Amino acid sequence: MSLTVSPDLLAQAERGHVADDAFLACVRDSLPYAYDLVERLAGELPGTDRDFTDNLVPPPDDATQGQLLRAMASSAVRAALERRFGVALAFQNCHRLAAFRPETIGGEQYQRFVSNESQVLNQQPEFVNC
């Protein structure tokens with residue numbers, strides 16, 4: 001399961017509205033590694049002259065790797081994280097997550113990061129099962 005949903009949050013969803021703050025609290029509590037990674041990358045962004053910051057360190061274990069994969073596989077989770085931290089996320093493999101300045105989407109650095117070529121060049125044998 002991707003998220004641990006409280007009865008209150010479930011009731012909100014059944015009534016037809018879950019506020020971003022409530023949803024993000026659920027994401028933060030359910031997927032703390034992924035939430036903290038996005039928060040860290042977004043926090044590093046103002047201090048770089050590049051259009052993005054990225055993570056090159058694999059998650060410490062399968063559980064944290066699973067959190068990141070689940071967060072990036074969910075359109076709702078990913079969009080909520082992007083709104084919360086004011087970034088655009090791009091993902092290459094089991095750990096290479098990048099936070100881009102939203103205004104740079106479509107720019108050279110973003111296009112290079114999300115290109116077929118970068119995806120192929122970023123592969124390593126130890127990532128086969130990630």
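Residues numbered from 1 in each chain as written. Predicted model: local features only at pLDDT ≥ 70, side-chain atom pairs only at ≥ 80, totals over all residues. Heavy atoms only, no water.

Across its full length, the protein chain holds seven helices and three strands. Traced from its N-terminal end to its C-terminal end, the protein chain shows the element sequence α-α-α-β-α-α-β-β-α-α. Taking 130 residues into account, the globule formula puts the C-alpha radius of gyration at 14 Å, and the protein chain, at 15 Å, falls close to it. Dimensions of the protein chain along its principal axes, counting C-alpha atoms only, are 45 × 35 × 25 Å. (Helix = DSSP H or I, 4+ residues; strand = E, 2+ residues; numbered from the N terminus. Rg over C-alpha atoms; globule rule 2.2 N^0.38 Å.)

Let's shift gears to the nonpolar core. Grouped together as the largest cluster of nonpolar side chains are 26 residues, with contacts concentrated most on Val27, Val77, Leu81, Leu89 and Leu97. Contributing elements (two or more residues each) for this core: helix H2 (20–30), helix H3 (32–44), helix H4 (62–73), helix H5 (75–85) and strand S3 (97–100). The element contributing the most residues to this core is H3, with seven residues. Dropping the residues within four chain positions of it, Leu89 is found in contact with Val38, Met72, Arg78, Leu81, Glu82, Leu97, Ala98 and Ala99. (Core = buried A, V, L, I, M, F, W, Y, C linked by side-chain atoms within 4.5 Å. Buried < 20%, exposed > 50% of the residue type's maximum accessible area, 1.4 Å probe, protein only. Contact = heavy atoms within 4.5 Å.)

The strand order S1-S3-S2 describes an open sheet built from three strands, whose pairing is antiparallel. Edge strands, defined here as strands with exactly one partner in the open sheet, are strand S1 (52–54) and strand S2 (88–91). Geometrically, the sheet is characterised by an average inter-axis angle of 20 degrees between neighbouring strands, direction not taken into account. Where S2 meets S3, four bridges bridge the pair, whose relative direction is antiparallel. Of the residues in S3, the one forming a bridge with Phe91 is Leu97. (Pairing = 2+ DSSP bridges. Axes fitted to C-alpha atoms, helices over the stretch in contact; angles between N-to-C directions.)

Within the secondary structure, Cys26 sits in helix H2. Residue classification places Cys26 among the buried residues on the basis of a relative accessible area of 6%. Taking the C-alpha atoms as reference points, Cys26 and Glu14, twelve residues apart in sequence, are found 16 Å from one another. Apart from residues lying up to four places away in sequence, Cys26 is in contact with Leu3, Thr4, Val5 and Leu9.

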